[in-house]
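# Topology and contacts: notes
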Amino acid sequence: MSHIEKCDATECAYNSDGFCHTLAVTIGDPRGCPDCSTFFVSSSKGGDQEATAGIGACKMASCRYNMQLECSAPSVSIGHAEEHVHCLTFSQR
Ligand code: SF4
Ligand code: SF4
């Protein structure tokens with residue numbers, strides 16, 4: 001599973017100190033943007049603080065790292081872009 005190296009969306013419930021602590025996230029939305037679909041703002045923090053996340057699934061078939069709707073990049077970065085929280089490693093084929 002591709003590893004999430006860092007995520008600067010510190011407002012997300014799964015983020016602590018720039019790291020994602022859910023087990024796996026899904027990337028991609030119906031508009032065709034590489035959004036983190038797991039992004040969620042809450043008054044309380046969640047996830048497993050002992051774990052750092054990977055990419056469970058990715059709908060961005062247009063990305064060069066996408067193989068059969070799974071991410072094949074060794075690691076990815078997530079962060080703010082275009083007023084959303086995107087996979088910053090996305091690279092158009
Ligand atoms: S990768 Fe997604 S779910 Fe994980 S902390 Fe960042 S925005 Fe939240
Ligand atoms: S690098 Fe590409 S395939 Fe991997 S999660 Fe990001 S958008 Fe999806």
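Residues numbered from 1 in each chain as written. Chains lettered and ligands numbered in written order. Predicted model: local features only at pLDDT ≥ 70, side-chain atom pairs only at ≥ 80, totals over all residues.

### Focus: the overall build of the protein
Counting its secondary structure elements, the protein contains zero helices and nine strands. Helices and strands appear in the protein in the N-to-C order β-β-β-β-β-β-β-β-β. For the protein, the C-alpha radius of gyration of 12 Å lies close to 12 Å, the compact-globule estimate for 93 residues. Projecting the C-alpha coordinates of the protein onto the three principal axes gives extents of approximately 35 × 25 × 15 Å. Within the span of the protein, comprising 93 residues, buried residues form 33% of the whole. Within the protein, residue pairs in contact and separated by at least 24 positions form 66% of the contacts whose partners lie at least 6 positions apart. (Helix = DSSP H or I, 4+ residues; strand = E, 2+ residues; numbered from the N terminus. Rg over C-alpha atoms; globule rule 2.2 N^0.38 Å. Buried ≥ 20, exposed ≤ 12 C-beta atoms within 10 Å, placed from the backbone. Contact = placed C-beta atoms within 7 Å.)

### Considering the nonpolar core
The biggest cluster of nonpolar side chains holds 20 residues, and the ones touching the most others in it are Ile 4, Cys 20, Ile 27, Ile 55, Val 76 and Ile 78. Elements that contribute at least two residues to this core include exactly strand E1 (3-7), strand E4 (24-27), strand E5 (54-58), strand E8 (75-81) and strand E9 (84-87). Among residues more than four places away in sequence, those in contact with Ile 4 are Cys 20, Thr 52, Ala 53, Gly 54, Ile 55, Val 76 and Ile 78. (Core = buried A, V, L, I, M, F, W, Y, C linked by C-beta atoms within 7 Å.)

### Describing the site of ligand 1
The local shell around ligand 1 holds 15 residues, among which Cys 7, Cys 12, Asn 15, Cys 20 and Cys 36 are the closest. Considering only residue class, the shell around ligand 1 consists of twelve nonpolar, three polar and no charged. (Near = placed C-beta within 6 Å. Nonpolar A, V, L, I, M, F, W, Y, C, P; charged D, E, K, R; others polar.)

### Overview of the environment of Cys 7
Mapped onto the fold, Cys 7 is located in strand E1. The sequence separation of Cys 7 and Ser 91 amounts to 84 residues, and the corresponding C-alpha distance is 17 Å. With residues near it in sequence (within four places) discarded, Cys 7 still touches Asn 15, Gly 18, Phe 19, Cys 20, Ile 78 and Gly 79.

### Structural notes on unusual backbone geometry
One non-glycine residue, Asp 17, lies in the positive phi region at around 55 degrees. Checked against the element boundaries, Asp 17 lands in the loop between strand E2 (15-16) and strand E3 (19-20). Judged by C-beta crowding, with 8 C-beta atoms within 10 Å, Asp 17 ranks as exposed. One non-glycine residue, Glu 83, lies in positive phi territory at about 65 degrees. With respect to the secondary-structure elements, Glu 83 resides in the loop between E8 and E9.

### A few points about the pairing of E4
The two faces of E4 differ: Val 25 and Ile 27 on one face are buried, but Ala 24 and Thr 26 on the other face are not. Direction of pairing for E4 relative to E5: parallel, over a ladder of four bridges. Bridging from a neighbouring strand, Ala 24 pairs with Gly 54 of E5. (Pairing = 2+ DSSP bridges.)

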